[in-house]
Amino acid sequence: MKKILILIAAAFMSFSCADGKRSMTVTVTNPLALERSGEMVEIPMSDVVDRLQLPDTAQIIVLNMDGLQVPYQVTYDGKVIFAVSTEANGTAIYTIQAGTPDPFNVIACGRYYPERMDDVAWENDLAGFRAYGPGMEARGERGFGYDVFTKYNTTEPVVEARYALELDPEKRAKIAELKKTDPQAAAELGRAISYHIDHGNGMDCYAVGPTLGGGTTALMDGDAIIYPYAYRVQEILDNGPLRFTVRLEYKPMVVRGDSNVVESRLISLDAGSYLNKTVVSYTNLKEVATLATGIVLHEPDGAVVADAANGYITYVDPTGDPNAGNGKMFMGAAFPAQVKEAKAVLFSEKEKKEERAGADGHVLAISEYEPGSEYTYYWGSAWDKAAIKSADAWNKYMAEYAQKLRAPLTVTY
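A quick note: this is a predicted structure, and the numbers were derived from the prediction, not measured.

What counts, and where the lines are drawn
- Residues numbered from 1 in each chain as written.
- Predicted model: local features only at pLDDT ≥ 70, side-chain atom pairs only at ≥ 80, totals over all residues.
- Heavy atoms only, no water.
- Helix = DSSP H or I, 4+ residues; strand = E, 2+ residues; numbered from the N terminus.
- Rg over C-alpha atoms; globule rule 2.2 N^0.38 Å.
- Buried < 20%, exposed > 50% of the residue type's maximum accessible area, 1.4 Å probe, protein only.
- Contact = heavy atoms within 4.5 Å.
- Areas by Shrake-Rupley, 256 points an atom, 1.4 Å probe, with all protein chains shown as cover.
- Lys, Arg positive; Asp, Glu negative; His and termini not counted.
- Charge placed at Lys NZ, Arg CZ, Asp CG, Glu CD.
- Phe/Tyr/Trp six-rings, centres within 6.5 Å; stacked < 30°, edge-to-face > 60°.
- Expected span 1.5 Å × (residues − 1).
- 1 Å grid on protein atoms, 1.4 Å probe; cavity = no way out; pocket = protein on both sides within 12 Å on 5 of 7 lines; lining within 4 Å.
- Points joined across faces, edges and corners; volume = space filled by probe spheres on them.
- Nonpolar A, V, L, I, M, F, W, Y, C, P; charged D, E, K, R; others polar.
- Domains from an automatic or database assignment.
- Core = buried A, V, L, I, M, F, W, Y, C linked by side-chain atoms within 4.5 Å.
- Buried area = accessible area lost by both parts, 1.4 Å probe.
- Salt bridge = Lys/Arg side-chain N within 4 Å of Asp/Glu carboxyl O.
- Polar contact = N/O pair within 3.5 Å; in protein donor to acceptor, adjacent residues only side chain to side chain.

### Observations regarding the overall build of the protein chain
Here is step 1: A count of helices and strands for the protein chain gives eight helices and 25 strands.
Here is step 2: A compact globule built from 413 residues should have a C-alpha radius of gyration of about 22 Å, and the protein chain, at 23 Å, falls within 12% of that.
Here is step 3: A burial count over the protein chain gives 50% of its 413 residues as buried.
Here is step 4: The contacts in the protein chain between residues at least 6 apart in sequence include a share of 69% that link residues at least 24 apart.
Here is step 5: Accessible surface computed for the protein chain: about 18,800 Å², of which carbon and sulfur atoms make up 52%.
Here is step 6: Measuring between centres, the 40 positive side-chain charges of the protein chain sit 1 Å from its 55 negative side-chain charges.

This is the structure:
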């Protein structure tokens, strides 16, 4: 009966509106026996303009069943995105019409940081992430994979402030001066501005080094990972309020005799999600290749789930010194398409001697890549000082996330 009433209401809204404005009804259907909350849907803006017969300069509003405005964003590729919630096997109705939207809080955002060795860092309400740039490579530092910034006690953007504090030129000069006369005071001031210390809303307590870090994908040559280094070119395409998107391009490399192979990554993070969507492609690759999505292991016998059949991998990261009080980080990746194999692979003794920064190996999800295609997956993290407190809760989140990827919401209008 409830579903019938919803559909009757939808039909009514599609033909009438209190102020006489033309409206567009959007029906979102959930095929799973799981409640889905805050999941982003996409509609081409061109369809909205056509349906509502709007001029290109017109603004729109999105309304839920209660007639309340829902925050939305028009993305770089011309899509209207907004978060929806549905009951298990349920249907939800939203309305789009012309109007002036209420101000929206910026939730997903990021920036290119030339002042910090060309980092690209971004965040949403739940976590922050970064990719290392050419400035780091030029200095000889080896950080291959994605890094993670933990976050709690706030849903507001914090990464910009962390960089500003960490890089404050006056404080840096003061630290250099104090090192000559008072090393202890210099160390205390260094801790006071460091984003490697939790000052009340999270920190950087994740170790990447020359590994795949928090969920990077790399081509393989046999059993050997062809590690990507820092990106070469970055372009930020979306910067909030609900989605951050960046395109990264990497240096040409040689892969099994194919020269000038160039990797491109399109990374997007939505409000309310622990995971980044990433689309990877390679140009000038001539034959089918093996690729692996990996999460670095910082202990040889850590808590790993490698579930190829259900499309996800997880790892509980100890965040370095157990006496430092930094808690544990829950790492994971999920896959909308079937992966061939998922497993933990420890470094050989030879690899351990190659300065792997104390890492012991990776948990890998292994797939095949067809030349000219796109490989899409999702990766991210949570922290046990924030909302997800246990490995069981994280594994449940990841298992359900993978289910949702394989049974997406249906959007009709």
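### Examining the packing of aromatic side chains
Any two aromatic rings considered together are summarised by their centre-to-centre distance and by the angle between their planes.
Here is step 1: Counted by the stated rule, this structure contains 23 aromatic pairs.
Here is step 2: Their ring planes at 35° and their centres at 6.3 Å tell us that Trp122 and Phe129 sit as a pair that is tilted.
Here is step 3: These aromatic residues form a ring-pair network of at least three members: Tyr274, Phe330, Tyr378, Trp394, Tyr397 and Tyr401.

### Points about helix α8 (residues 391-406)
Here is step 1: Taking 1.5 Å as the rise per residue, α8 with 16 residues should run 22 Å; its terminal C-alpha atoms sit 23 Å apart, in good agreement.
Here is step 2: Within the span of α8, buried status applies to Trp394, Asn395, Met398, Glu400, Tyr401, Ala402 and Leu405.
Here is step 3: Residues of α8 that are buried make contact with β17 (275-283), β19 (304-307), β20 (312-317), β21 (329-334) and β24 (375-383).

### A few points about the layout of surface pockets
Here is step 1: What the largest pocket holds in volume is close to 950 Å³.
Here is step 2: Along its surface, the largest pocket is lined by 37 residues, and Met40, Arg243, Asp270, Lys277 and Tyr378 are the ones closest to its centre.
Here is step 3: In terms of residue class, the lining of the largest pocket is made up of 16 nonpolar, nine polar and 12 charged.
Here is step 4: The residue makeup of the lining of the largest pocket includes at least three contributed by each of domain 1 (23-104) and domain 2 (109-156 + 202-410).
Here is step 5: Counted as a void, the second largest pocket has a volume near 340 Å³.
Here is step 6: Around the second largest pocket, the lining is made up of 19 residues, and of these Met220, Asp223, Ala224, Val345 and Leu364 lie nearest the centre.
Here is step 7: Going through the elements one at a time, β12 (224-225), β22 (341-346) and β23 (361-369) are the ones with two or more residues in the lining of the second largest pocket.
Here is step 8: Of the residues contributing to the lining of the second largest pocket, the split by class is nine nonpolar, four polar and six charged.

### Let's talk about the environment of Pro228
Here is step 1: Among the structural elements, Pro228 can be located in the loop between β12 and β13 (231-239).
Here is step 2: The buried category is assigned to Pro228, whose relative accessible area is 6%.
Here is step 3: Taking the C-alpha atoms as reference points, Pro228 and Gln53, 175 residues apart in sequence, are found 47 Å from one another.
Here is step 4: Excluding residues that lie within four positions of it along the chain, Pro228 makes contacts with Phe144, Leu212, Thr216, Thr217, Ala218, Tyr250, Glu263 and Arg265.

### Quick look at the nonpolar core
Here is step 1: Core analysis: the biggest nonpolar cluster contains 63 residues, and Trp122, Leu219 and Tyr282 have the highest contact counts within it.
Here is step 2: When residues in this core are grouped by element, the largest group, six residues, is from strand β18 (residues 289-297).
Here is step 3: Residues Val26, Ile60, Val70 and Tyr72 belong to the second largest nonpolar core, which totals 21 residues.

### Some details on empty space enclosed by the protein
Leftover empty space is mapped by rolling, across the atoms, a probe with the size of a water molecule.
Here is step 1: Counted by the stated rule, this structure contains two cavities of 30 Å³ or more.
Here is step 2: Of the pockets and cavities examined, the largest cavity occupies roughly 70 Å³.
Here is step 3: Residue lining of the largest cavity: 14 residues in total, with Leu126, Ala127, Ser381, Ala382 and Trp383 positioned closest to the centre.
Here is step 4: Of all the elements, β24 adds the most residues to the lining of the largest cavity, at three residues.
Here is step 5: Grouping the constituent residues of the lining of the largest cavity by class yields 11 nonpolar, two polar and one charged.
Here is step 6: There is about 40 Å³ of room inside the second largest cavity.

### Some remarks on the domain arrangement of the protein chain
Here is step 1: Considered domain by domain, the protein chain is made up of domain 1 (23-104) and domain 2 (109-156 + 202-410).
Here is step 2: Contacts between the two partners involve 24 residues from domain 1, matched on the other side by 18 residues from domain 2.
Here is step 3: Approximately 1,700 Å² of surface area, both sides summed, lies buried where domain 1 meets domain 2, with 61% of it carried by carbon and sulfur atoms.
Here is step 4: Counting the contacts that link domain 1 with domain 2 gives one salt bridge.
Here is step 5: For Glu42, the salt bridge is made with Arg243, and the minimal N-O distance between the two is 2.9 Å.
Here is step 6: Our count for the domain 1 to domain 2 interface comes out at eight residue pairs in polar contact (both at pLDDT 80 or more).
Here is step 7: The set of elements that each furnish at least two residues to the side of domain 1 that touches domain 2 consists of β1 (23-29), β2 (36-44), β4 (72-74) and β5 (79-86).

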